[in-house]
Amino acid sequence: QVQLVESGGGLVQAGDSLRLSCAASGRTFSNYIMGWFRQAPGKEREFVAAISWRTGSTDYADSVKGRFTISRDNAKNTVYLQMNSLKPVDTAVYSCAAGRTVVVVNRPYEYDYWGQGTQVTVSS
């Protein structure tokens, strides 16, 4: 059974940094894409970043380019989202997802497994 468990969320001030972690278990993820999505109250789920577990190729939403970095640790089966220069508009529930494809994709329906999410709140 695939499990994705996020951690690292919290309450920070604008300009601060946070690192989210997503621990994956239940299968071999070498042929998967790992993505981070976020959803703010009253808004649709939004793509943030994704990484190919096999190649390390990445993709980012324009709104986070230059501020967020996605990475993976194959030995720990863990994906990270380093978030710098946080803004109040980054406030949302951040969820980790896994998709059975080697091509980096950014649409929620292309992901097969989802974590429960972790709250990130950025105060001004």
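You'll find the structure just up there.
Because the structure is a prediction, the values reported are computed rather than measured. (Residues numbered from 1 in each chain as written. Predicted model: local features only at pLDDT ≥ 70, side-chain atom pairs only at ≥ 80, totals over all residues. Heavy atoms only, no water.)

## Section: the state of the cysteines
Alright, step 1. In the structure shown here, the tally under the stated rule is 1 disulfide.
Alright, step 2. A sulfur-sulfur separation of 2.0 Å characterises the disulfide bridge that pairs Cys-22 with Cys-96. On the S-S bond that ties Cys-22 to Cys-96, the torsion sits near -75°, and the link is left-handed. A residue pair is termed long-range when its members are at least 10 positions apart, and Cys-22 in strand E3 (residues 18-25) and Cys-96 in strand E9 (residues 92-99) qualify at 74 residues. (Disulfide = S-S within 2.5 Å. Helix = DSSP H or I, 4+ residues; strand = E, 2+ residues; numbered from the N terminus.)

## Brief notes about unusual backbone geometry
Alright, step 1. In the Ramachandran plot, Asn-77 falls in the positive-phi region, its phi being about 50° despite a non-glycine side chain.
Alright, step 2. What makes Asn-77 partly exposed here is its relative accessible area of 23%.
Alright, step 3. Positive phi, close to 50°, is recorded for Ser-85, a residue that is not glycine.
Alright, step 4. Structurally, Ser-85 can be placed in the loop between strand E8 (78-83) and E9. (Buried < 20%, exposed > 50% of the residue type's maximum accessible area, 1.4 Å probe, protein only.)

## Examining the pairing of strand E5 (residues 46-52)
Alright, step 1. Burial analysis of E5 places 6 of its 7 residues in the buried class, which makes it a mostly covered element.
Alright, step 2. Linking strand E4 (residues 33-39) to E5, which pair antiparallel, is a turn of 6 residues; within it Gly-42 sits at a positive phi near 80°.
Alright, step 3. Here 3 bridges tie E5 to strand E6 (residues 58-60), and the two strands are oriented antiparallel to one another. Pairing of Ile-51 across the sheet is with Thr-58, part of E6.
Alright, step 4. Between the end of E5 and the start of E6, which pair antiparallel, lie 5 residues, with Gly-56 showing a positive phi angle near 80°. (Pairing = 2+ DSSP bridges.)

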